[in-house]
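Read off the chains here:
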Amino acid sequence: MSPAFVPSLQLNAAFHAEVVAPLVRPAEHAAALLGWGSDVLGYDTDRSTDHGWGPRLQVFVAEADVDAVRARVEEGLPAEFRGWPVRFGWDGVPEQHMVDVLTWRGWLQGQLGVQPLDGMSTLDWLTVPQQQLLGVVRGAVYADPTGELAATREALAWYPPDVWRWLVAAQWGRIAQEVAFVGRTAEVGDDLGSAVLAARLVRDLMGLAFLLAREYRPYTKWVGTAFARLPKADELVPPLRQAVAATDFASREQALVEAYELLGRRHNDSGVSEPVDPHVRPFFSRPFRVPDASGFAQACRNEIEDPWLRALPLVGSVDQFVDSTDVLSAADRTQHLRGLYTGLARGLNAEKDTEKDTGQDAGLNAGLNAGQD
């Protein structure tokens, strides 16, 4: 019989205080449960205990203390803590204890694929997945004598204003590309295609809601759970649920219209850009009701001061154009996508080089060459 379930963040607070901290002393250390796992997000349940769950945390010490502290931890850990095995494995992970001893700088590099302690460039912000950022700013800190963990978590709590505006613009851009297709597919009798497109739009609208609420979006398993906890989520959940459940176009469109206008008003309330009319309108001469998604996107771009970012096509951050868990869950892999943005910037420069006009174009080129990498 397994012991009674308690949330991992709570279990590991006690594990640190009663077991790990005495082993680490006299070395000064910080300690936390960060990184991967449902438990870091606070979403673990009794079901979670069957897979990669138990006493675990990170211990951060000075580089000179790493080896000695690792040795003391390895030698001193008990076999169990409050009935849970201290050494465990799952899938391809061998049985071992899960107390990681390392430097804060080293852990951050492995978690994000970049080094935030040296400052985050615009390109860094675009290529670090939101789930990896959540792994830093969520979880729990059990010891932080110098305040370094708190300072880093505060610095990474949300995107810089220009990056935020660009991501919101890119999200509206995604929505603009498909809003009319729900009706067009239904018009030719393709109700399955219409339903699939509606579901895609619901997913994008949820992503927009996270951005407007200034909350990072977790990986797919927990998107709905996290979404339900956003401010005023209870207003959005019913129309979004109806949009994916509808069996006819009229019901599907009406549900989407309600969601479009709710999010349009939230956009205006957020201050991310100058206000835009949140009401739907016909799609040109066609009878499909759509939001002014392109207008919202342009309003955001108008507010961006960084010329490099303002000039980029609205491809979005890595989370907005990559859908592979194998990419988004590995920070080192997402860093290979940096070339996409630098390539886009070079392409824009090449286009400008073929033009005879100077002045504003020259200023744009200076921004594109400003070295965002």
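Residues numbered from 1 in each chain as written. Predicted model: local features only at pLDDT ≥ 70, side-chain atom pairs only at ≥ 80, totals over all residues. Heavy atoms only, no water.

A. Layout of the overall build of the protein. Summing up its helical and strand segments, the protein has 20 helices and nine strands in all. By principal-axis analysis of the C-alpha atoms, the protein measures approximately 75 × 55 × 35 Å. Relative to its full complement of 373 residues, the protein shows a buried share of 51%. For the protein, the distance from the average site of its 34 positive side-chain charges to the average site of its 50 negative ones is 3 Å. (Helix = DSSP H or I, 4+ residues; strand = E, 2+ residues; numbered from the N terminus. Buried < 20%, exposed > 50% of the residue type's maximum accessible area, 1.4 Å probe, protein only. Lys, Arg positive; Asp, Glu negative; His and termini not counted. Charge placed at Lys NZ, Arg CZ, Asp CG, Glu CD.)

B. Quick peek at the packing of helix α10 (residues 191–212) against helix α13 (residues 249–270). Following both chains from N to C, one finds α10 and α13 inclined at 15 degrees, their axes separated by 11 Å at the closest point. The orientation of α10 with respect to α13, classified from their angle, is roughly parallel. Note that α10 runs across α13; the crossing there is left-handed. Contact residues: Asp 191, Ser 194, Ala 195, Ala 198, Leu 201, Val 202, Leu 205, Leu 208, Ala 209 and Leu 212 in α10; Phe 249, Arg 252, Leu 256, Ala 259, Tyr 260, Leu 263, Arg 266, His 267 and Ser 270 in α13. Of the residues belonging to the contact of α10 with α13, the class tally is 13 nonpolar, three polar and three charged. (Axes fitted to C-alpha atoms, helices over the stretch in contact; angles between N-to-C directions. Parallel < 35°, antiparallel > 145°, perpendicular 65-115°, else oblique. Left-handed = near helix turned anticlockwise from the far one by under 90°. Contact = heavy atoms within 4.5 Å. Nonpolar A, V, L, I, M, F, W, Y, C, P; charged D, E, K, R; others polar.)

C. Seen up close, the confidence of the model for the protein. Here the protein shows a mean pLDDT of 92. Residues at 70 or above account for 93%. Ignoring residues within four places in sequence, the model shows residues 356–373, a span with pLDDT below 50, making 24 contacts including any to other chains. (pLDDT = per-residue confidence, 0-100.)

D. Geometry of helix α8 (residues 161–178). Helix length check: α8 (18 residues) gives 27 Å between terminal C-alpha atoms against 26 Å at 1.5 Å per residue, within 8%. Counting buried positions along α8 yields 14 of 18 residues, so the element is predominantly enclosed. (Expected span 1.5 Å × (residues − 1).)

E. Highlighting the packing of α8 against helix α14 (residues 293–303). The geometry of α8 relative to α14 is characterised by a closest axis approach of 8 Å and an angle of 160 degrees between their N-to-C directions. As summarised for this structure, α8 and α14 are arranged roughly antiparallel, according to the angle between their axes. In this structure, α8 crosses over α14, and the sense of that crossing is left-handed. Residues Asp 162, Arg 165, Val 168, Ala 169, Trp 172, Gly 173, Ile 175 and Ala 176 of α8 form the contact with α14, whose own contacting residues are Ala 293, Ser 294, Phe 296, Ala 297, Cys 300, Arg 301 and Glu 303. Classifying every residue of the contact of α8 with α14 gives nine nonpolar, two polar and four charged.

F. Molecular detail of the side chain of Asp 44. With respect to the helices and strands, Asp 44 occurs in the loop between α2 (38–41) and β2 (56–60). Among the polar contacts made by the side chain of Asp 44, one reaches the main-chain amide nitrogen of Ser 8 at a distance of 2.8 Å. With near-sequence residues (within four places) excluded, Asp 44 lies in contact with Phe 5, Pro 7, Ser 8, Ser 38, Asp 39 and Trp 53. (Polar contact = N/O pair within 3.5 Å; in protein donor to acceptor, adjacent residues only side chain to side chain.)

G. View of the environment of Gly 193. Summarising the element assignment, Gly 193 is placed in helix α10. A relative accessible area of 16% places Gly 193 in the buried class. Separated by 185 residues in the primary sequence, Gly 193 and Ser 8 place their C-alpha atoms 42 Å from one another.

H. Seen up close, the environment of Ser 121. Among the structural elements, Ser 121 can be located in the loop between α4 (104–112) and α5 (122–127). The spatial distance from the C-alpha of Ser 121 to the C-alpha of Arg 333 is 18 Å, given a sequence separation of 212 residues.

I. Molecular detail of helix α7 (residues 148–155). Along α7, the residues classified as buried are Leu 149, Thr 152 and Arg 153. Each buried residue of α7 lies within a common arc of 100 degrees when the element is viewed along its axis, so the set occupies one face. The exposed set on the far side of α7, more than 90 degrees from its buried face, consists of Glu 154 and Ala 155. If you follow the buried residues of α7, they end up packed against β1 (30–33), β2, α4, α6 (130–137) and β7 (140–143). (Arc of directions from axis to C-beta.)

J. Quick peek at the sheet that holds strand β5 (residues 87–90). Taken in spatial order, the five strands line up as β5-β6-β2-β1-β7 in an open sheet, and their pairing is mixed. The sheet is open, and its two borders are formed by β5 and β7, each paired with just one other strand. For this sheet, the mean inter-axis angle between neighbouring strands, taken without regard to orientation, is 35 degrees. Here three bridges tie β5 to strand β6 (residues 93–102), and the two strands are oriented antiparallel to one another. Within β6, the position partnered with Arg 87 by the bridge is His 97. Strands in contact with helix α3 (residues 66–76) are β5 and β6; relative to β6, the strand with the most contacts, it is inclined by about 135 degrees. (Pairing = 2+ DSSP bridges.)

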